[in-house]
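# Tertiary structure, described
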Amino acid sequence: MNDEERLILMKQRIIQSFRWHKDIIVPIADEFGITEEEMADIFMNALDMSSLESLHSTLDSAEYIALKGQIYIDLRLCWLSRTLELVTPEQAEDIQIRLADAVYDHGKPYEDALEEGRAEILEILRNTSIKEE
C-alpha cells in the first residue's frame, strides 16, 4: 500500500466512524438532498486529514454558537437590545450564554430555557426607566 492509498484509507475510516457519520454526514446530506455516499465523497475530496480529524469538535463549537444565535433571535434580543436599547448588550450576552449552557451542557428543554429567558427579560423591562439625556 502506497502513501496515497494509506491516506485515502485513513480518511475513509474517519468519515465512516459512527459519530462522524451520524453527526456530520447524515444531517448535511439530508439538508442538501444528496446521498450519504456523495456527501462522504465531497468531504473526502475537499478536506485534508487534519481538517477531517478536527471537524467533529469544530461541529460541536458551531452548534453551540448556532444555539446562542437562535436564543438571541427567539427572545427578540436584537430588537430589545440593539434597536430599543432596553436590554444592555452585556445582559443580552449573559442571558444567551446561561440559556445555551443550560440547553447544550445540561439538557434543559429549549422551550423551558426560552421561558426562563422571557421571564428574565420581562423583569429587566419592568425595571427600566426612561433615560434622561
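Okay, so let's go over this structure. (Residues numbered from 1 in each chain as written. Predicted model: local features only at pLDDT ≥ 70, side-chain atom pairs only at ≥ 80, totals over all residues. Heavy atoms only, no water.)

### A short note on the overall build of the protein
From N to C terminus, the protein includes seven helices and zero strands. Listing every helix and strand of the protein by position from the N terminus yields α-α-α-α-α-α-α. The C-alpha atoms of the protein give 21 Å as radius of gyration, which overshoots the globular expectation for 133 residues (14 Å, by more than 25%). Projecting the C-alpha coordinates of the protein onto the three principal axes gives extents of approximately 75 × 30 × 25 Å. Residues counted as buried form 28% of the 133 residues belonging to the protein. As displayed, the protein has an accessible area near 9100 Å², and 54% of this comes from carbon and sulfur atoms. Between the centroid of the 13 positive side chains of the protein and the centroid of its 29 negative side chains there is a distance of 3 Å. (Helix = DSSP H or I, 4+ residues; strand = E, 2+ residues; numbered from the N terminus. Rg over C-alpha atoms; globule rule 2.2 N^0.38 Å. Buried < 20%, exposed > 50% of the residue type's maximum accessible area, 1.4 Å probe, protein only. Areas by Shrake-Rupley, 256 points an atom, 1.4 Å probe, with all protein chains shown as cover. Lys, Arg positive; Asp, Glu negative; His and termini not counted. Charge placed at Lys NZ, Arg CZ, Asp CG, Glu CD.)

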